[in-house]
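Below are the chains, spelled out letter by letter.
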Amino acid sequence: MKIKYLLDEEEIPKKWYNVAADMPTPLKPPLNPGTLKPLTAQDMEAIFPKALIQQEMSTERWIDIPEEVREILKLWRPTPLYRAASLEKALKTPAKIYYKYEGVSPAGSHKPNTAIPQAYYNMKEGIERLATETGAGQWGSALSLATCLFGLQCTVYMVRSSFDSKPYRKSAMRVWGAECLSSPSDRTNFGRQIREKMPDTPGSLGIAISEAVEDAASHDNTNYSLGSVLNHVLLHQTIEGQELKKQFDMTEDYPDVMFGCCGGGSNFPGMVFPFIPDKLKDKKDLRMVACEPTACPTLTEGLFAYDYGDTAGMAPVIMMYTLGHDFIPPGIHAGGLRYHGDAPLLSNLVHDGLIEATALQQTEVFEAATLFARTEGIIPAPESAHAIKPAIDEALNCRKTGEEKVIFISLSGHGHFDLSSYDAYNDGKLVDYVYPAELVKQSLAKLPKP
Amino acid sequence: MAAGKGRIGFLVNPIAGMGGPVGLKGTDGLAEKAIAMGARPRAMERARACLDHLSREKDAIHFLTASGSMGESSLKECGLDYEVVYSPFPVTSSMDTIGTCQAFLDKGADLILFCGGDGTARDVAGIAGSTPILGIPAGVKMHSGVFAASPQAAADLAMRFLKKELNLRETEIVDVDEELYRAGILQTRLYLLAKTPYLPVLVSEKKRIYSSVQEDEFKDQIALFASEFMRDGSAYIIGAGTTTSRIADVLGIKKTLLGVDVVQDGRLLIRDASEEELLGLLDRVKSVKIILSPIGAQGFIIGRGSQQISAALLRRVGLDNLIIISTPHKLAEIPYLLVDTGDEDLDVALAGKRQVVTGYRIAQMKETLAASRLKAL
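Analysis parameters
Residues numbered from 1 in each chain as written. Chains lettered and ligands numbered in written order. Predicted model: local features only at pLDDT ≥ 70, side-chain atom pairs only at ≥ 80, totals over all residues. Buried ≥ 20, exposed ≤ 12 C-beta atoms within 10 Å, placed from the backbone. Helix = DSSP H or I, 4+ residues; strand = E, 2+ residues; numbered from the N terminus. Pairing = 2+ DSSP bridges. Axes fitted to C-alpha atoms, helices over the stretch in contact; angles between N-to-C directions. UniProt positions renumbered as here; feature names shortened; annotations may be inferred. Contact = placed C-beta atoms within 7 Å. Nonpolar A, V, L, I, M, F, W, Y, C, P; charged D, E, K, R; others polar. Expected span 1.5 Å × (residues − 1). Core = buried A, V, L, I, M, F, W, Y, C linked by C-beta atoms within 7 Å. Domains from an automatic or database assignment. Parallel < 35°, antiparallel > 145°, perpendicular 65-115°, else oblique. pLDDT = per-residue confidence, 0-100. Left-handed = near helix turned anticlockwise from the far one by under 90°.

Turning next to helix H9 (residues 242-251) of chain B. Residues and elements named next belong to chain B. Where burial is concerned, most of H9 is hidden: 8 out of the 10 residues are buried. Burial in H9 covers these residues: Thr-242, Thr-243, Thr-244, Ser-245, Arg-246, Ile-247, Ala-248 and Leu-251. Where H9 ends, the next residue or the one after it, Gly-252, has phi of about 75°, a positive value.

Here it is as structure tokens:
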């Protein structure tokens, strides 16, 4: 049986695919957090380069990838598509399981796919430093790598719970020349406020975003960079799905169902968006399932509404699925999935019923990750493992029905920096969190309507 | 007496636990008032539940006891042989508890098995010295570390101790500090140390009152969330404890620490309610919900502390309307949530994974067990 499906370097896509061109319902505009009027290009110039603002607002279907960016992507792209033959055998399933592995990048995840172009465009427009946040440390590592390759400085606000549990992430960022701070930090006004109010907070992506935005907005030579949620991030990640389509052509299979983990949205939309036209135009019967933690079930339990992208209310107000910008998710081990909202592009497609979502408990996720490591060898990042668990369930269901479904797992990164989390799982120390959706609904029921 | 048998001094405080269902914080000195308010003797039932389990091993045990309601009648009802070593006064008091225990010691008891609450534990431990003691839980307050998780578990522990399968450990005898309590502070005071047979899970841990800064934050988060979801118009029966009382703080209501209060639409409806008042509430109000928090390190959500929340009340309110809250710290230290309503079918219906609110819009799932089904590991 053929295991690896590899593309040549020349087959790295030359354009990004912009799903906004094919959306059945157009996006509602992001709003200025101060005026609550639609955000203008000028509003964004304080923290983003012009080229990225153009991409953010574009509805062009195809956008060129600069050759300098493609040259660097060649360091690890195209990434391999694997047939999970050992896992299939262990599950005794008639289903075919495939996974595309983004952990082969130098930073260990899919995040450099957008970090590289973001650093590039900022460098081209004369910016000297980028400020950003990171949850699990994947994004912070990726941007540290990207800024170092383009000669920029980088400041990373890392969510405290991850900063403490993953010290080697910080070490890696340091090797790539970046400065990594525990968030809330004493570097920003907002960080200092939070530290005073909640000295023992585990931190959150929402807080870290507020810090990084404040840093960028208050320094002329500094811009802000975000590793998920925004339209241009999802655009850059479509390089994954385009490669995947070519690789599926090599297998002569076509997926029945695709699973990917989802925090704010980057790997999952990047992998599935290029398949959206198949579903819309060719009426392909394809399920795309975003996998999130029960502790932070934005797509499965959240409201589809305008909300702030960050905790302080400095980031744009966007139409998305949200648990509320004041919600600080519990300190689960998949730190990268602890975000109260979700990308507007993805939220819109979920709202239109083109994409589904499911939520998983962390112990079942680690159990699935362990089975994956013991069959396929790769130790997945806890975030990525959220996609493995439902894929295994689907394959086991095929064992019952006898269906030979083609199941796809988006394996966004490795878990080499997450081994303390695996230890916690093996020591029986993981806590399963749930979102008390009924009680939250009850608390919103009698709120005054604006 | 037969040689080679284990000697158990068996003692019942017949009035223990009577104050709880009528809203008193204990029964010491208040037995007559409790009876006048309609309380039924509870200790005898609990004692019998334990003896029923022990009767399977009756050939291995020589029971020493006091006459009448302080032990003899329970043993007789269960068809067990015994030796009366003390005769109490017609109206029993703590002097009789002490007198009985002295007689047990004189007769060489291996273990004192008593049925009562923290008050009884203080009296027994005060005289037991190095002789191990074990409590069958039957009081209103059971914060001391000598209580088994249920009458059945007490029987199990006693038997395994006599068979020399268990070690002894030193544990605290505590009771609520009445002076601080009257000042609105729930604090247990350490009175004595005692020896007790020990097996994790089967013996209740000494109730802990958490007060670290970090845990306070979680209490605030939980209380804030509760104040939001309590806006739904339902009447909320709020159980005892420091976590639940924080909700009252957020709502600006003065709550009793050890009692049960009822709140609706942010207003205090009934303060320090009795079981009867709570049942009466159900006739008047359409939607009633209950908020409870596990008691200290023991993990009991029902059956310790708030006896007003009875099996009858729970059945009428409906198990779906039971909301459990706890700080993550407290939850991490208890292996399970325990329920002991006195109604085994209801306990079993309450068992399983239950949602526990642990922060602002955050919850965990926690395994809940019927205390009567706890078996030795």
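This part is about the sheet that holds strand S4 (residues 111-116) of chain B. Residues and elements named next belong to chain B. With respect to topology, 5 strands assemble into an open sheet ordered S3-S2-S1-S4-S5, the strand pairing being parallel. Each end of this open sheet is capped by a strand with a single partner; those strands are strand S3 (82-86) and strand S5 (133-137). Strand after strand, the sheet turns through a mean of 25° between neighbouring axes, direction not considered. Looking at chain direction, strand S1 (residues 6-12) and strand S2 (residues 61-66) are connected through 5 bridges and run parallel. Its bridge partner being in S2, Phe-10 is matched across the sheet by Thr-65.

Residue and element names in this part refer to chain A. With omega at -5°, the peptide bond leading from Arg-77 into Pro-78 counts as cis. In this structure, Val-229 is a non-glycine residue whose phi angle is positive, near 70°. For Val-229, a count of 27 C-beta atoms within 10 Å translates into the label buried.

By the element assignment, Val-146 of chain B lies in the loop between S5 and helix H6 (151-162). As a C-alpha pair, Val-146 of chain B and Phe-114 of chain B span 32 residues in sequence and 10.0 Å in three-dimensional space.

So, about the sheet that holds strand S7 (residues 153-159) of chain A. Residues and elements named next belong to chain A. Strand order across the open sheet formed by 4 strands is S8-S7-S6-S9, with parallel pairing between neighbours. The open sheet has two edge strands, strand S8 (179-183) and strand S9 (222-224), and neither has a second partner. Geometrically, the sheet is characterised by an average inter-axis angle of 25° between neighbouring strands, direction not taken into account. Where strand S6 (residues 129-134) meets S9, 3 bridges bridge the pair, whose relative direction is parallel. Opposite Ala-131, over in S9, you have Tyr-224 as the bridge partner.

Bringing the UniProt feature "domain: Tryptophan synthase beta chain-like PALP" (unreviewed entry) in chain A into the picture now. Here, UniProt's "domain: Tryptophan synthase beta chain-like PALP" (unreviewed entry) annotation points to residues 74-413 of chain A. Strand forms 19% of residues 74-413 of chain A and helix 44%; the C-alpha atoms that close the span are 18 Å apart.

Both faces of the sheet carry side chains from a regular strand, because those side chains alternate between them. Residues and elements named next belong to chain B. The buried fraction of S1 is high, at 5 of 7 residues. Here S1 runs beside S4; their pairing, made up of 5 bridges, is parallel. Looking across to S4, one finds that Val-12 is bridged to Cys-115.

Size of an interface, as often reported, equals the accessible area lost when the parts are brought together. Each partner contributes to the interface: chain B provides 14 residues, whereas chain A provides 16 residues. Looking at the side of chain B that touches chain A residue by residue, the class counts come to 5 nonpolar, 4 polar and 5 charged. As defined by bridge partners, strand S16 (residues 433-434) of chain A adjoins strand S16 (residues 362-370) of chain B across 2 bridges and the pair is classed as antiparallel. Bridge pairing in S16 of chain B links Val-434 of chain A to Ala-363 of chain B.

With that settled, the discussion passes to H6 of chain B. All names here are of chain B. A rise of 1.5 Å per residue sets the reference length of H6, with its 12 residues, at 16 Å; its end C-alpha atoms lie 17 Å apart and thus fit the reference within 8%. Where burial is concerned, most of H6 is hidden: 11 out of the 12 residues are buried. Within the sequence span of H6, burial applies to Pro-151, Gln-152, Ala-153, Ala-154, Ala-155, Asp-156, Leu-157, Ala-158, Met-159, Phe-161 and Leu-162. Following H6 by one or two positions, Lys-164 adopts a phi angle in the positive range, close to 60°.

Take the nonpolar core next. Residue and element names in this part refer to chain B. Ile-112, Leu-113, Ala-154 and Ala-158 are the most contacted members of the largest nonpolar core, which has 242 residues in total. Residue-level mapping places this core at the junction of two domains, with at least three residues from each of domain 1 (6-198) and domain 2 (213-373). Once residues within four sequence positions are removed from consideration, Ala-158 is found in contact with Ile-8, Leu-54, Leu-111, Leu-113 and Leu-134.

Axes are the key here: two packed helices are described by the angle between their axes and the distance separating the axes. All names here are of chain A. Two elements in contact, helix H2 (residues 50-57) and helix H11 (residues 231-251), have axes whose closest approach is 8 Å; the angle formed by their N-to-C orientations is 85°. Viewed along their axes, H2 and H11 adopt a mutual orientation that is roughly perpendicular. Residues Leu-52, Gln-55 and Glu-56 of H2 touch H11, and the partners they reach there are Asn-231, His-232 and Leu-235.

Turning to the confidence of the model for chain B, a few remarks are in order. All names here are of chain B. In the predicted model, chain B carries a mean pLDDT of 85, and 85% of its residues have values of at least 70. Confidence drops under a pLDDT of 50 for residues 208-213, and excluding neighbours within four residues, the segment shows 11 contacts in the predicted structure. The ipTM value of the predicted complex is 0.72, and its pTM value is 0.75.

What follows concerns the UniProt feature "modified residue: N6-(pyridoxal phosphate)lysine" (unreviewed entry) in chain A. Residues and elements named next belong to chain A. According to UniProt, the positions carrying the feature "modified residue: N6-(pyridoxal phosphate)lysine" (unreviewed entry) are Lys-111. Mapping Lys-111 onto the fold places it in the loop between strand S5 (96-101) and helix H5 (112-124). Of the residues examined, Lys-111 has 31 C-beta atoms within 10 Å and is grouped as buried. Among all residues touching Lys-111, those that are not within four sequence positions of it are Gln-138, Trp-139, Ala-142 and Gly-227.

This paragraph deals with the packing of helix H2 (residues 43-54) of chain B against H6 of chain B. Residue and element names in this part refer to chain B. Viewed as axis vectors pointing N to C, H2 and H6 meet at an angle of 45°, and their least axial separation amounts to 8 Å. Viewed along their axes, H2 and H6 adopt a mutual orientation that is oblique. For the crossing formed where H2 meets H6, the hand is right-handed. For the pair H2 and H6, the contacting residues are Arg-46, Ala-49, Cys-50, His-53 and Leu-54 in the first and Pro-151, Gln-152, Ala-154, Ala-155, Asp-156, Ala-158 and Met-159 in the second. Residue composition of the contact of H2 with H6, by class: 8 nonpolar, 2 polar and 2 charged.

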